[in-house]
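Letter by letter, the chains look like this.
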Amino acid sequence: MTRFRPRTAPPIRAGGLVAATALLLAAAPPTVASAAPTAAAPVVALGGPAETALHPYAEGGDGPKRSTARITVTGADDTAYEGEFTVTFDLTGAAGIADVAFEPEAGIECAATAPGSATCTGHGISPGRSTVTDLLLTAAKGSEQGDTGTVRITGEAQGAAFTPFTTEVTVGGPDLVMHRLPFDHEPVPGQKQQAPITFTNRGSRAADGVVLTLRHSRGLDIPQRYSNCAYTTDEAWTTARCTVEGAFEAGATYTLAAPLTLKTTDRAYRDIFGYGIHEAGAVRGATAARAARGPAGGSDDVLRAVPAPRPMAARALDLEPGDNEHEADFRTENTADFVAYGDTASGQAGATVTARLGFRNDGPAWIGHLRSGESVAAVDFTVPQGATVTSAPEGCRGVSAEGTALPTGWTGPAPRYVCPTPATVRDDGGLDLAFGLRIDKVLLGAVGRVVVRGPELRAAGLPFDPEPGNNTARVVLNGQSGGPSPAPSDGPGDGASGTPGSATPTPTPGGAGAGAGGTVAPGAVPNTATGNGGSLAATGSPTAMAASGLAVTALTAGLVLFTAARRRRRA
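> Kindly report on the sheet that holds strand β30 (residues 387-391), identifying the contributing residues and their values.
Pairing in this open sheet of four strands is antiparallel, and the strands run β25-β27-β34-β30 from one edge to the other. The sheet is open, and its two edges are formed by β25 (336-341) and β30, each paired on a single side. Strand-to-strand, the axes of this sheet are offset by a mean angle of 30°, without reference to chain direction. Relative to strand β34 (residues 430-439), β30 runs antiparallel, the two sharing four bridges. Bridged to A387 within β34 is I439.

Pasting the structure below:
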């Protein structure tokens, strides 16, 4: 979350929580007008949740439960606003329905300015989205279930234009709570576990239909498919959104007639299973899920639920959306064999050839850093002697011959390149890279080294890889035999440790290998592609490499919902 810059922000007011007193007693004064836009005025958008559900008012105890609505401003992507600004809250539309207090962001001051009105003031708005304040909302005494009101928000600043925003508050609603499942979190490939999805409506009103969302990473599978579930897949995830019609009453608990089967596949390693429940009207895409009904994967089975014994209530927002979902992490003992490959090429002095190199994942596991998003591995390429890199794949970073950072201001080609992978590498994937090499001097059998290693040189091992001996390959220029594919280096040597070596000396920055050529854009991550273990002769024109992919296993959800236990909420 982008925050307001401390260097220009006023001091934080003691206490941090500013209660808006006497805000719901009388009609509001005229709304503060937004600053008139000018040709050069930056536009600042006010935002927040469109709707917020409130727990019904309860006497005694700790008082009514509080709901939160975060109010934000979104500045221009490339322009920071330096001046002071004021955000005004017109609370008259929620009078008698909601009591409002403020918890402002650091550097923001909020206070009641008149009955039915409050303002928050600050200085400086950074590009992107920033928080102004959290509205702390409770149902007002005397409010009734189903009561709805609005809070209108406007902004004002010298030289900036604010777009207004309105949020709606409603008393009462369902509160769908997903029960956590007791999984074995260290399964073995092939293991199957039952997943009896169970949820309770702890709210004050029935839920009109529900959407069960199931999401699992590539190493997991659910064998069943249902025609009223909408399925989507990508490189790492399979998601099903299953729409179930009916009224799910307040105080009742529901579970599956037959539990799901969660299978750990042969490619599992570090995986995640997420499961959540929401009222159908509150889920974006629920309409699309209904429209997607049909024999998905050839199944005619339909999710069904026992009809509710009373008329369905109008849809409402969930009172506590934070307990609707759970995620389970799985660690599977498995391996993935990353196999490096290189290339051969020949040419006269001055010619530019293409060297194709990289690695493939021979599995059986896929490898994904789903939580951290960090690279799984890196391809470390030492350039053959007598050649200069003229083009490198996007995201590859030039380094010195020792693998350290190049001097500040370095713009030419480098003697060595490090190319990180994405955060996931499929079991049928890898990383395919193409380097343009200019032959400055013809040296028979000039050898460059290709190593697939850990993303950091100081931790170059691949803990999941049982075959470190094939993590190294060669790029050979003007080999005497012009023979087939360069094999991985014999024995562990430098390659097994992740530190590339070379059969011939490699140039250092500013040396023979650092001539003029194209620059490399740092920071980007190359696209995942299917690795080719063979070597291709490069003659200056790229050669197409075969690519293959497996269709992502479709997720499935099972499910006939029925009432497992029901309790009536006390009046």
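> Go over the sheet that holds strand β19 (residues 237-248), please, and point to the residues and values.
What holds strands together in a sheet is hydrogen bonding between their backbones, with the strands either parallel or antiparallel. What the five strands build is an open sheet, ordered β18-β19-β16-β22-β24; its pairing is antiparallel. Of all strands in the sheet, those bounded by a partner on one side alone are β18 (229-233) and β24 (325-331). Between one strand axis and the next, the sheet turns by 15° as a mean value, whatever way the strands run. Pairing between strand β22 (residues 270-279) and β24: seven bridges, direction antiparallel. Paired with F273 across the bridge in β24 is A328.

> Outline the state of the cysteines, supporting the account with residue identities and numerical values.
Note on terminology: a disulfide is the covalent bond linking the sulfur atoms of two cysteines. Per the stated rule, a full pass over the model turns up three disulfides. A sulfur-sulfur separation of 2.0 Å characterises the disulfide bridge that pairs C229 with C242. Measuring handedness by torsion sign, the sulfur bridge of C229 and C242 sits at about 110° and is right-handed. Of this pair, C229 sits in strand β18 while C242 sits in strand β19, and the two are 13 residues apart along the sequence.

> Go over unusual backbone geometry, please, and point to the residues and values.
The general pattern is negative phi for most residues beyond glycine and trans for most peptide bonds. In this chain, G363 is followed by P364 through a cis amide linkage whose omega measures 10°. Here P364 is to be found in strand β27 (residues 352-364). A positive phi angle is found at N478, which is not glycine, with a value near 55°. Positionally, N478 belongs in the loop between β36 (472-477) and α2 (493-497).

> Can you explain the nonpolar core? Please cite residues and give values.
Counting 37 residues, the largest nonpolar core has F338, F435 and L437 as its most contacted members. Put simply, the parts of the chain that give this core at least two residues each are β25, β27, β29 (378-382), β30, β32 (416-420), β34, β35 (446-453) and β36. Not counting residues within four places of it along the chain, the set of residues in contact with F435 comprises V353, T354, A355, L357, F381, V389, S391, A392, P393, C396, Y417 and C419. Listed in part, the 33 residues of the second largest apolar core include V87, F89, V132 and A139.

> Please provide a residue-by-residue account of the environment of R270, values included.
Note that R270 resides in strand β22. Among the residues examined, R270 registers a relative accessible area of 22% and is labelled partly exposed. Distance in space between the C-alpha atoms of R270 and I367 is 7.1 Å, their sequence separation being 97 residues. Setting aside its immediate chain neighbours within four residues, R270 contacts F330, R331, T332, W366, G368 and L370.

Conventions we followed
- Residues numbered from 1 in each chain as written.
- Predicted model: local features only at pLDDT ≥ 70, side-chain atom pairs only at ≥ 80, totals over all residues.
- Heavy atoms only, no water.
- Pairing = 2+ DSSP bridges.
- Helix = DSSP H or I, 4+ residues; strand = E, 2+ residues; numbered from the N terminus.
- Axes fitted to C-alpha atoms, helices over the stretch in contact; angles between N-to-C directions.
- Disulfide = S-S within 2.5 Å.
- Core = buried A, V, L, I, M, F, W, Y, C linked by side-chain atoms within 4.5 Å.
- Buried < 20%, exposed > 50% of the residue type's maximum accessible area, 1.4 Å probe, protein only.
- Contact = heavy atoms within 4.5 Å.

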